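Here's the letter readout for the chains.
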Amino acid sequence: MMIISWSLAEIPRYAFYVAALITGDATKKTPFPLFWIRYSCFMILYPTGITGELTVFLAAAKDEVFLNSYGEQFSSLMYYMIASLPIIYIGSPGMVLNMVGNRKKAFKKRFAKPAPPPRGLVFPVTETKGTEPIRSSTPTAKAIIAAAVGAVNDEKAEKVLKERNWRFGYVKHWIGMVDEQCKTPDAALAVAKAGLAKAYEIFQFVHPDGSSVSFEDAMAAKNTEKFSTGFIKGEAAQGKKVLEVPYNGKTLAGQELKDQVKKWVDYGTIEPSAGEAIIKCVDNPGWLDLSDKYFVLLGAGSAMGPFEVLMSLGANVIAIDLDRPFIWKRLINRAKNSSGSITFPMNAEQSSCKDDDALYAAS
């Protein structure tokens, strides 16, 4: 049983590997019968193979030669060894469950819907794998950072392009770029302009027909698609101009908040500069009125973003996010229930939206 089980497990496994090498895709291009056998037969063969191993060992253990391997005086110890052997197989369910997980992932990947073709602004094609274009962020980021810092320091730009371990080595190049920007206002502007110009040059814009041009050319060309601007003004009254921080079941404000901030700074919970900023907001309640301030938020619906705080302070937010109705439903409803406002792009005139659902869909 052991030999048959493990043989039947290994034969289709290696046949599957051969098919994967020939087709170039282990998930989608291997013949489905072989794919199914590879990820299904273990449910029978693993238990029978493990059981076969145990029965073979227990059968062989009855032999006198085995029992007296270390002399007759130690034969009783061999029985303890035989009895403890099943403990080794306690981990066998983990092996089976691991294959269950692998099977689930493989089937999900094989029958997954293909990704939609690229559309709009996309990363540039950096290489091809077979006939499939690869859009890697690493060469793109290196090119943009090199162009940016190269506007003021050619040596640092050369080091960026020669960096081999970009994933773990990019930080020092970012720091080097910021160092150059901090030298003079002109240097800061030069770096920013050069980096943006390079991004416009190498990023691509894919049209609905699949053709692509550089983002720079796309922005310069006439667009057949028209966009509109949506605007929602909040209906709530301006909130009280008092900085409040919920903490430990209470809401801290005024001197109580300042005392707690000092404790946080002394303990090292927050940086001194953060503590100073909070205390200044407590002492200057007028700062909590942002009704005359405008903020542009990319990814406005981010859970970690400042949208909620800005709305509560009456700010005017220009919001950019994915064209997902559920995202805009949350953002627009929050804006309506605040004293702030939200301005956002739409693919139709706001006045043409018959109801809120149509407004969310057009945003």
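One structure accompanies this document, and this report is about it. (Residues numbered from 1 in each chain as written. Predicted model: local features only at pLDDT ≥ 70, side-chain atom pairs only at ≥ 80, totals over all residues. Heavy atoms only, no water.)

Description of the nonpolar core
Part 1: One finds Ile342 and Phe344 to be the most contacted residues of the largest nonpolar core, which totals 22 residues.
Part 2: Secondary structure elements with two or more residues in this core: helix 14 (307-312), strand 10 (316-320), helix 15 (325-336), strand 11 (341-346) and helix 16 (356-362).
Part 3: With five residues, the single largest contributor to this core is helix 15.
Part 4: The residues touching Ile342, leaving out its near neighbours within four places in the chain, are Gly230, Phe231, Ile232, Phe307, Val317, Ala319, Trp328, Leu331 and Ala335. (Core = buried A, V, L, I, M, F, W, Y, C linked by side-chain atoms within 4.5 Å. Buried < 20%, exposed > 50% of the residue type's maximum accessible area, 1.4 Å probe, protein only. Helix = DSSP H or I, 4+ residues; strand = E, 2+ residues; numbered from the N terminus. Contact = heavy atoms within 4.5 Å.)

Overview of the sheet that holds strand 5 (residues 212-214)
Part 1: The strand order across the open sheet formed by three strands is 1-4-5, and the pairing between neighbours is antiparallel. The open sheet terminates on both sides in strands that have one partner only, identified here as strand 1 (120-122) and strand 5. Shown here is a sheet whose adjacent strand axes are inclined to one another by a mean of 35°, direction ignored.
Part 2: Bridging between strand 4 (residues 204-206) and strand 5 involves three bridges; their strand directions are antiparallel. Across the sheet, residue Phe205 finds its bridge partner in strand 5, namely Val213. (Pairing = 2+ DSSP bridges. Axes fitted to C-alpha atoms, helices over the stretch in contact; angles between N-to-C directions.)

What to know about unusual backbone geometry
Part 1: Even without glycine at this site, Asn248 takes up a positive phi of about 55°.
Part 2: Secondary-structure assignment places Asn248 in the loop between strand 7 (245-247) and strand 8 (250-252).

Quick notes on the environment of Ile318
Part 1: When you line up the elements, Ile318 lands in strand 10.
Part 2: Ile318 sits in the partly exposed class, given a relative accessible area of 27%.

Some points on the sheet that holds strand 6 (residues 228-233)
Part 1: Read across the open sheet, the four strands follow the order 6-11-10-9; overall the sheet is mixed. Looking at strand neighbours, the two that pair on one side only are strand 6 and strand 9 (294-298), the edges of this open sheet. Each adjacent strand pair in this sheet contributes to an overall mean axis angle of 20°, direction not counted.
Part 2: The sheet strands contacting helix 15 are strand 6, strand 10 and strand 11, and the helix crosses strand 11 at an angle near 150°.

Regarding the packing of aromatic side chains
In this description, an aromatic ring pair is defined by two values, namely the gap between the centres and the angle between the planes.
Part 1: In the structure shown here, the tally under the stated rule is 17 aromatic pairs.
Part 2: Three or more aromatic residues joined by ring pairs form one cluster here, namely Tyr14, Phe16, Tyr17, Phe32, Phe35, Tyr39, Phe107 and Phe111.
Part 3: Here the basic side chain of Arg38 rests over the ring of Phe16, its NZ or CZ set 5.8 Å away from the ring centre.
Part 4: The side chain of Arg103 reaches across the aromatic face of Phe107, ending 4.4 Å from its centre. (Phe/Tyr/Trp six-rings, centres within 6.5 Å; stacked < 30°, edge-to-face > 60°. Lys NZ or Arg CZ within 6 Å of the ring centre and 35° of its normal.)

A look at the packing of helix 7 (residues 137-150) against helix 9 (residues 166-181)
Part 1: Closest axis-to-axis distance for the helix 7/helix 9 pair is 10 Å, and the angle between their directions is 20°. When the interaxial angle is binned, helix 7 and helix 9 end up roughly parallel. The handedness of the crossing between helix 7 and helix 9 comes out as left-handed. Across from Thr138, Ala141, Lys142, Ile145, Ala148 and Val149 in helix 7, the residues of helix 9 making contact are Trp166, Trp174, Met177 and Glu180.
Part 2: Here the contact of helix 7 with helix 9 is composed, by residue class, of seven nonpolar, one polar and two charged. (Parallel < 35°, antiparallel > 145°, perpendicular 65-115°, else oblique. Left-handed = near helix turned anticlockwise from the far one by under 90°. Nonpolar A, V, L, I, M, F, W, Y, C, P; charged D, E, K, R; others polar.)

Examining the pairing of strand 10
Part 1: Sheet topology note: the strand 9/strand 10 ladder contains five bridges and is parallel. Residue pairing across strands places Leu297 opposite Ala319, the latter belonging to strand 10.
Part 2: Following the backbone out of strand 9, through helix 14 and into the adjacent parallel strand 10, one traces a crossover that is right-handed.
Part 3: Here three bridges tie strand 10 to strand 11, and the two strands are oriented parallel to one another. The residue of strand 11 that forms the bridge with Val317 is Ile342.
Part 4: For the handedness criterion, the β-α-β arrangement of strand 10, helix 15 and strand 11 is classed as right-handed. (Right-handed = clockwise from strand over helix to strand, strands pointing away.)

Thoughts on a nonpolar patch on the surface
Part 1: There is a patch of nonpolar side chains on the surface, built from Phe32, Trp36, Ile37 and Phe111 and spanning about 390 Å² of accessible area.
Part 2: Along the chain, Phe111 turns up in the loop between helix 6 (92-110) and strand 1.
Part 3: The class for Phe111 is exposed, based on a relative accessible area of 53%. (Patch = residues over 30% accessible without salt bridge, like charges linked within 9 Å, V, L, I, M, F, W, Y side chains within 5 Å. Areas by Shrake-Rupley, 256 points an atom, 1.4 Å probe, with all protein chains shown as cover. Salt bridge = Lys/Arg side-chain N within 4 Å of Asp/Glu carboxyl O.)

A look at helix 7
Part 1: Between its first and last C-alpha atoms helix 7 spans 19 Å; for 14 residues at 1.5 Å apiece the expected length is 20 Å, and the two agree.
Part 2: Taken residue by residue, helix 7 has Thr140, Lys142, Ile144, Ile145, Ala146, Ala148 and Val149 as its buried positions.
Part 3: Tucked inside the fold, the buried residues of helix 7 contact helix 8 (154-162), helix 9 and helix 10 (185-202). (Expected span 1.5 Å × (residues − 1).)

Let's talk about the pattern of salt bridges
Part 1: Inspection of every chain in the model, using the stated rule, returns 15 salt bridges.
Part 2: Between Lys293 and Asp292 there is a salt bridge, with its nearest N and O atoms 3.1 Å apart.
Part 3: In this structure, Arg324 and Asp323 form a salt bridge, with 2.8 Å as the shortest nitrogen-oxygen distance.
Part 4: A single salt-bridge network, built from bridges that share partners, covers Lys156, Glu180 and Lys183.

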